[in-house]
Amino acid sequence: MSKLEERVSNRRTFAIIAHPDAGKTTLTEKLLLFGGAIQLAGAVKTRGEQRRARSDWMKVERERGISVASSVMTFDYEGKTFNLLDTPGHEDFSEDTYRTLTAVDSSVMVLDGAKGIEAQTRKLFEVCRLRDMPIVTFINKFDRESLDPFELLDDIEQTLALDVVPASWPIGMGRSFLGCYDLFKDRLVLVSKDKNNHLDEGIVCNGIDDPKIDECLPADYAAKLREDVEMVRELCPAFDKQAFLDGTLTPVYFGSAINNFGVETLLNGLTEMAPSPVAAVTADRTVEPTETKVSGFVFKIQANMDPKHRDRIAFLRLVSGHFKRGAKLKHVRSGKTLAIHNPVLFLAQDRELAEEAWPGDIIGLPNHGNLRIGDALTEGENIRFTGIPSFAPELLQKVRPVDPMRAKHLSRALIQIAEEGAARTFKTRMGSEWVVGVVGALQFEVLADRIRTEYDIPVNFEQTELYTARWVEHEDHLELKKFLDANQASLAEDHDDAPVFLARNAWHLERAEKDWPNIKFRHTKEQMS
């Protein structure tokens, strides 16, 4: 096995998806804790440096207690390198999550034991399903009163049409939650009283009838555990790795992230089961991770991660080859060659220089606006990676600076935010007003806050009469020009200068589609280099 193949087989790149408040950020921090990347959850300290950071690093996230930006964290565990992407749980930020899921090979779905599958979980799961992504399920908060474990399994099976295989089984719940029985390794793991330390290896049992179980558990709990495990083994299929990799079967772990319980069992499961980096689809061919030439794509841009510097970091998922700092890579969209001198590895907003990176790794490239979402970087080949979409916004508002003299500065800020993918920005052809489009209402508040704090421009968002936006396309430039000339009052340009039709209501959009049957009104726009 070559060094490249060995490094590829040791990589695990995964995302955590969940409905808000299922405990996703807590689980993220506990995974880092067990991975040895931090010493204290909630005050992430890495490599002995005293910089305080958290996986929720944006000001708005700390104030509201929600994740609204995806953060990337890298850590090593049991000889494997994990790249963990924490995604926004709040449904108003689903587009960032969607793009993040294009950069991972598997995901961990976190459910609240008291609620089971919730609306946002289902939405995010559908995104994973589109990509046939392997999913590991972690049912959290078993230290509180929860639904019956069989009910939870049934919920996953019925709602998501997935086969379920319990990897562990809870013993009690709420105050009487004693631990879990590891069904894959036939061992008993009890809740540790010392909450800061790693769990012990658990009590190894020779099957469910081992007398050790009776020594460790009260008689009624031991009897219930045996009955449940027997039922699970009869009702649920055996674990089939291929079905898991195909995205049709999910192993289910139970635990309580806040008490560190079940996290290490989950991490061990990911080490053994999660796939190493997979091939990426391009417009012309499939790129294998073991190819020697370096290639990768930008799936996210984050501005102002460090408020002291006006920085912009492009997050690059490395698809193939062995990347070294200082490498010269071709920027396929512009045809220019970029020398990558300061690539960084992350732990939330903390970062360090990346001397090298391998397929599956996520590296940050500081840039001044020349990289955009969907861009490909290669060692010369004109590759165009597919599957990174932009969605038409569902809510549209006009934005104006409080001080009219700052209009030009606002234009620059809005273009940066649009390139980052945080919102769609449209400049109307008549009147040159800025219209901002988002997927969820909370984004307007976050944008106003960001424009004020990061760019020092207080702004007002105003309601509009607008219903939706559609990108318009036609192969024949003359036909497209005719349409554009006839509909000047309803047209705008996005940050790429692509024409956008702004519909006042559903009838207005239907009428335009009927009057111009050859024009394509696009709900999504593929972001390709």
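Provided above is the structure to which this section pertains.
The structure presented is a predicted model; accordingly, all values stated were derived computationally and were not measured.

Caption draft 1: Main features of the overall build of the protein chain. Helix and strand counts for the protein chain come out as 14 helices and 33 strands. For the protein chain, with 529 residues in total, the buried portion stands at 57%. In the protein chain, of all internal contacts separated by at least 6 residues, the share reaching a separation of at least 24 is 71%. As displayed, the protein chain has an accessible area near 22,900 Å², and 49% of this comes from carbon and sulfur atoms.

Caption draft 2: View of the environment of aspartate 209. For aspartate 209, the position within the fold is in the loop between strand S10 (203-204) and helix H7 (211-216). A residue is classified by how much of its surface remains accessible, and aspartate 209, at 61% relative accessible area, is exposed. Taking the C-alpha atoms as reference points, aspartate 209 and arginine 226, 17 residues apart in sequence, are found 7.5 Å from one another.

Caption draft 3: Structural context of the sheet that holds strand S32 (residues 520-522). Spatial strand order, S28-S25-S27-S26-S30-S31-S29-S32: 8 strands in an open sheet with antiparallel pairing. Either end of the sheet is taken by a strand with one partner, and the two such strands are strand S28 (459-463) and S32. Pairwise comparison of adjacent strand axes, ignoring direction, gives a mean angle of 40 degrees for this sheet. On top of the sheet, helix H14 (residues 506-515) reaches strand S29 (468-473), strand S31 (499-503) and S32; it is set at about 130 degrees to S31, its chief contact.

Caption draft 4: Spatial organisation of the environment of arginine 12. As for its placement among the helices and strands, arginine 12 is situated in strand S1 (residues 11-18). You can call arginine 12 buried: its relative accessible area is 6%. When the C-alpha atoms of arginine 12 and proline 277 are compared, they prove to be 6.8 Å apart, with 265 residues separating the residues in sequence. Those residues in contact with arginine 12, other than ones at most four positions away along the chain, are Lys80, Thr81, Phe82, Asn83, Leu270, Thr271, Ala274, Pro275 and Ser276.

Caption draft 5: Broad picture of the pairing of strand S26 (residues 424-428). Counting buried positions along S26 gives 4 out of 5 residues, so the element sits mostly inside the fold. With 4 bridges connecting them, S26 and strand S27 (residues 434-438) associate as antiparallel partners. Each bridged residue has a counterpart across the sheet, and for threonine 425 the counterpart in S27 is valine 436.

Caption draft 6: Spotlight on the sheet that holds strand S7 (residues 168-171). Pairing is antiparallel across the open sheet formed by 4 strands, whose spatial order is S7-S8-S9-S10. With one partner strand each, in any of the chains shown, S7 and S10 form the two edges of the open sheet. With 4 bridges connecting them, strand S8 (residues 179-182) and strand S9 (residues 187-190) associate as antiparallel partners. Bridged to tyrosine 181 within S9 is leucine 188.

Caption draft 7: Local environment of helix H12 (residues 442-455). Between its first and last C-alpha, H12 extends 19 Å over 14 residues, near the 20 Å set by a 1.5 Å rise per residue. Burial analysis of H12 places 10 of its 14 residues in the buried class, which makes it a mostly covered element. Those residues of H12 that fall on the buried side of the exposure criterion are Leu442, Gln443, Phe444, Val446, Leu447, Asp449, Arg450, Ile451, Glu454 and Tyr455. Two residues or fewer past H12, aspartate 456 is found with a positive phi of approximately 60 degrees.

Caption draft 8: Seen up close, the pattern of salt bridges. Per the stated rule, a full pass over the model turns up 26 salt bridges. Between arginine 226 and aspartate 209 there is a salt bridge whose closest N-O contact spans 3.9 Å. Taken together, the residues span a long stretch of sequence, with arginine 226 in helix H8 (residues 219-235) and aspartate 209 in the loop between S10 and H7 at a distance of 17 residues. Between aspartate 375 and arginine 333 there is a salt bridge, with the nearest N and O atoms lying 2.9 Å from each other.

How each quantity is defined
Residues numbered from 1 in each chain as written. Predicted model: local features only at pLDDT ≥ 70, side-chain atom pairs only at ≥ 80, totals over all residues. Heavy atoms only, no water. Helix = DSSP H or I, 4+ residues; strand = E, 2+ residues; numbered from the N terminus. Buried < 20%, exposed > 50% of the residue type's maximum accessible area, 1.4 Å probe, protein only. Contact = heavy atoms within 4.5 Å. Areas by Shrake-Rupley, 256 points an atom, 1.4 Å probe, with all protein chains shown as cover. Pairing = 2+ DSSP bridges. Axes fitted to C-alpha atoms, helices over the stretch in contact; angles between N-to-C directions. Expected span 1.5 Å × (residues − 1). Salt bridge = Lys/Arg side-chain N within 4 Å of Asp/Glu carboxyl O.

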